[in-house]
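Chain by chain, the residues:
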Amino acid sequence: MRRTITATVNNTTGVMNRITGLFARRHFNIESITVGMTENPEVSRMTFVVNVSDQRGLDQVIKQLNKQVDVLKVRDITDEAIVARELAMIKVMTGSGQRGEISDLIAPFRATVIDVGRESVTIQVTGDTPKVEALIDLLRPYGIKEMARTGVTAFQRATKKSNDQTRYSIIN
Amino acid sequence: MNTRVREVKGRELKDENQEMSGSSMLIQALARENVDTIFGYPGGAILPTYDEIYRTGIRHILSRHEQGAIHAAEGYARVSGKPGVCVVTSGPGATNVVTGIADAMIDSLPLVVVTGQVATSVIGTDAFQEADILGITMPITKHNFQARTVEDLPRIIREAFHIATTGRPGPVVIDLPKDVSIASGMFHYDDEPNLPGYQPTYTPNKLQIRKLAEAVTKAKRPVILSGAGILHAGASPELLEFVEQQQIPVASTLLGLGGFPGTHELALGMAGMHGTYAANMALHEADLLINIGARFDDRVTGNLEHFAPQATVAHIDVDPAEIGKIIETHIPVVGDAKEALRLLNEVNPQPGESVRWRMKVDEWQQEFPLWYKEGSEYIKPQKLTELVYEKTNGEAIITTDVGQHQMWAAQYYKFDHPNAWVTSGGLGTMGFGFPAAIGAQFAEPDRQVVAILGDAGFQMTMQELSILQELNLPVKVLLVNNASLGMVRQWQQLFYEERYSNSLFPIQPDFVKMAEAYDIKGYKITDENEVAGVLEEAFNYNGPVVIDCRVHEEENVYPMIAPGQGHHQMEGVKP
Ligand SMILES: Cc1ncc(C[n+]2csc(CCOP(=O)(O)OP(=O)(O)O)c2C)c(N)n1
């Protein structure tokens, strides 16, 4: 199962090293890690998307994270009301003739063209993972030349409504 | 007992809130942590600290290799329950203690290891004797620090001791750059470390205790697996009370030996690969397994598919990450073993109806005791261990190295008291046993310390004979000399069709001469009839002794669970 876990950690040197080292040596399967500052300069926030086979595997990830002295708080927020976002930049091969078509395609995703070259355009999209992946699937037929994704960063919602289940499809 | 071991020169305690150098802060902090002995080895980057050691006269034991220093610190910690302190220089000094740090980590021994480091101005430039010890030891320490400014140093030292000794104990490294140890700053030594990310749980959840109590009452075939957590928590009295009240048989892990009296009628001895038949069968047939402070190591469990198939599993551990890591656990109890057992004893559950079970367990013990064949022309290593037990009245502190002799010691020396057994369990570190005995002797200057070693393991750290010579330290070194890497040879015999690749030593050094080169009494025994006499002489002599005891070279450790097998598939359970 794929789970989203957040951790607040002391913003000390080497803390990223401690966490990634832990994942590697325990053979935890991570899809993405993001890290960044918070409102408190001494504390960073990390978001992990992990793949675990069962509940015991998930417990281990959380417990091992908690065991780190520099980890202040760990939460599995997968089933909570959260906003989760990632950013992707996708460079797509296009002739000048297809640009209009691509613009139409990405409009419902509120994605933007951030760079235009002679044979390619670069698109930026922000959203949760299903949305980003839906757009990538749509762009794939044009030929994706390069892609960079930030990984997910996530937050609990202020109001506790249930997890948003929005699905994106070609006919948005 | 030798007076030089006791000698602790007066340490001057300086006042707080005054300016002093980083190295002075370190020694002042050690004094405040009641550290009476440092094990270490000097070198360039740590010279300012050594200067401070010289000036204050704090006791420092100079090993002849840093590995010796750290294993001595481990032995000291295991026996005293206090943190072992090890100080070494940067680069090679620091990398030489890596094995010991990993050993302490997996066996949960509290250590504070101070490594010198090159000056902060050149860190990261591949300077002379620079090694990234923070990076190297990150996965094998409970936590590690690099002091980047002298102002941080007192806090770091305080936190290091706190982390090493609380919760599940473990090693903590402090990397101390040379310029930081020279710089001067204000020394405060706050009592309460502020570590919001580190809050060990000691008091177990009452609900879980109640659940466990109910399970005890319901159980018809209960068994306890007693681990080193009992020793770390000092929970032996509570365990004994619980067991006697409930009449539950106790199997022990290798590291847990001594947590419950080995001669008690409910003691089943060691469980696992070379454990007793009764201990392993009890685990296999149990309907309630109460693990207290053990971590379900693979050498204990055998093949997990066959492990305790009918049991409700309860697990008491101060480290929540151990619970459910290996075995699905039905009754998790996070907390200190002493506190958990105290609460359980308070609840005092109605014992389950387990008379028939105890009869069954008894039958296993009677029917399948540990065995070996006596009366051959060779000295039997098992017999040797039994004689050591007899001649020390079971009251010695025993350290071992790793291999066959270790298993025989675990099988035949019945520890009745905690903290008398020092062995490398999790990492299985050859070279551990001899220096660990030195540390143990410093922890308990008045007790008989016997290092039972293989001839190969001894040769990994035997340079520490210098310490015995220098301090006339009365450690007794007993070589169970089978002229081979016995345990390796056994596996090659059993699983590699007797292809003895690099495991036989037909040519050996003269260990007696070697002892004598260090001005240490040496004995060589080849005849079983001599053993008792020599042991007696050695144990009555107030000084170091090396005994080279030539044992049967082809003796194997039995019984045994072969790799991939379960507890019920033991081999060699009878002659
Ligand atoms: C540092 C290290 N290297 C290798 C091993 C693998 N090993 C385990 S037991 C053993 C043989 C030990 O021989 P010896 O010290 O003579 O003890 P014996 O088994 O003969 O009692 C070896 C090589 C180890 N445990 N530790």
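Because the structure is a prediction, the values reported are computed rather than measured.

J.: What's the story with a negative patch on the surface in this structure? I'm lost.
T.: Negative charge collects at one region of the surface, where Glu244(B), Glu265(B), Asp362(B) and Glu363(B) lie side by side. Structurally, Glu265(B) can be placed in the loop between strand E10 (250-252) and strand E11 (267-270).

J.: Got a minute to help me understand the sheet that holds strand E13 (residues 312-317) of chain B in this structure?
T.: Residues and elements named next belong to chain B. The strand order across the open sheet formed by 6 strands is E11-E10-E9-E12-E13-E14, and the pairing between neighbours is parallel. Edge positions in the sheet fall to E11 and strand E14 (331-334), since each has one partner strand and no second. Averaged over all adjacent pairs, the angle separating strand axes in this sheet is 15 degrees, with direction ignored. Packed on one face of the sheet, helix H12 (residues 236-246) meets strand E9 (222-226), E10 and strand E12 (288-292) and runs near 170 degrees to E9.

J.: Before we go on, may I ask you to explain the interface of chain B and chain A in this structure?
T.: In many reports, interface size means the accessible area that the parts give up when they come together. Each side of the interface is counted separately: chain B has 21 residues, and chain A has 17 residues. Interface area for chain B against chain A, summed over the two sides, is near 1500 Å², with a carbon-plus-sulfur share of 51%. For the interface between chain B and chain A, the tally reads 1 salt bridge. The salt bridge partner of Asp319(B) is Lys67(A), with a shortest N-O separation of 2.6 Å. There are 7 residue pairs in polar contact (both at pLDDT 80 or more) connecting chain B and chain A. Of the residues in the side of chain B that touches chain A, the class split is 11 nonpolar, 4 polar and 6 charged.

J.: Looking at this structure, how should I read the site of the ligand?
T.: All names here are of chain B. Contacts to the ligand come from 17 residues, most closely from Gln-404, Gly-428, Gly-457, Asn-482 and Gly-486. Within the contact set of the ligand, an oxygen atom lies 2.8 Å away from a side-chain nitrogen or oxygen of Asn-482. Within the contact set of the ligand, an oxygen atom lies 2.9 Å away from a backbone nitrogen or oxygen of Met-487. Protein coverage of the free-state accessible area of the ligand, which is 580 Å², stands at 76%. Elements represented by at least two residues in the shell around the ligand include exactly helix H18 (404-412), helix H20 (455-461) and helix H22 (486-495). Considering each element in turn, the shell around the ligand owes the most residues, 4 residues, to H20.

J.: Just to check I follow, could you spell out the packing of helix H4 (residues 66-80) of chain B against helix H19 (residues 433-443) of chain B for this structure?
T.: Helix-helix packing is characterised by the crossing angle of the two axes and by the distance between the axes. All names here are of chain B. At a minimum axis distance of 6 Å, the contact between H4 and H19 shows a crossing angle of 45 degrees. Taken together, the axes of H4 and H19 lie oblique to each other. Crossing geometry of H4 relative to H19 is assigned as right-handed. Contact residues: H4 offers Gly-68, His-71, Ala-72, Gly-75, Tyr-76, Val-79 and Ser-80, while H19 offers Pro-435, Ala-436, Gly-439, Ala-440, Phe-442 and Ala-443.

J.: Would you mind showing me how to read the packing of aromatic side chains here?
T.: One pair of aromatic rings is described through two measures. These are the centre distance and the angle between the planes. Residues and elements named next belong to chain B. One pass over the full model with this rule turns up 15 aromatic pairs over all chains. Taking the centre distance of 5.0 Å and the plane angle of 85 degrees together, the rings of Tyr-389 and Tyr-413 count as edge-to-face. With Tyr-389 in helix H17 (residues 381-391) and Tyr-413 in the loop between H18 and strand E16 (421-422), the pair connects residues that are 24 residues apart, well separated along the chain. A relative accessible area of 22% means that Tyr-389 is categorised as partly exposed. Since its relative accessible area comes to 2%, Tyr-413 is described here as buried. By way of ring pairs, the aromatic residues Tyr-389, Tyr-413, Phe-415 and Trp-421 are connected into one cluster. Stacked on the ring of Phe-368, the Lys or Arg Lys-574 has its end atom at 5.1 Å from the ring centre.

How each quantity is defined
- Residues numbered from 1 in each chain as written.
- Chains lettered and ligands numbered in written order.
- Predicted model: local features only at pLDDT ≥ 70, side-chain atom pairs only at ≥ 80, totals over all residues.
- Heavy atoms only, no water.
- Patch = residues over 30% accessible without salt bridge, like charges linked within 9 Å, V, L, I, M, F, W, Y side chains within 5 Å.
- Areas by Shrake-Rupley, 256 points an atom, 1.4 Å probe, with all protein chains shown as cover.
- Salt bridge = Lys/Arg side-chain N within 4 Å of Asp/Glu carboxyl O.
- Lys, Arg positive; Asp, Glu negative; His and termini not counted.
- Charge placed at Lys NZ, Arg CZ, Asp CG, Glu CD.
- Helix = DSSP H or I, 4+ residues; strand = E, 2+ residues; numbered from the N terminus.
- Pairing = 2+ DSSP bridges.
- Axes fitted to C-alpha atoms, helices over the stretch in contact; angles between N-to-C directions.
- Contact = heavy atoms within 4.5 Å.
- Buried area = accessible area lost by both parts, 1.4 Å probe.
- Polar contact = N/O pair within 3.5 Å; in protein donor to acceptor, adjacent residues only side chain to side chain.
- Nonpolar A, V, L, I, M, F, W, Y, C, P; charged D, E, K, R; others polar.
- Near = heavy atom within 4 Å.
- Parallel < 35°, antiparallel > 145°, perpendicular 65-115°, else oblique.
- Left-handed = near helix turned anticlockwise from the far one by under 90°.
- Phe/Tyr/Trp six-rings, centres within 6.5 Å; stacked < 30°, edge-to-face > 60°.
- Buried < 20%, exposed > 50% of the residue type's maximum accessible area, 1.4 Å probe, protein only.
- Lys NZ or Arg CZ within 6 Å of the ring centre and 35° of its normal.

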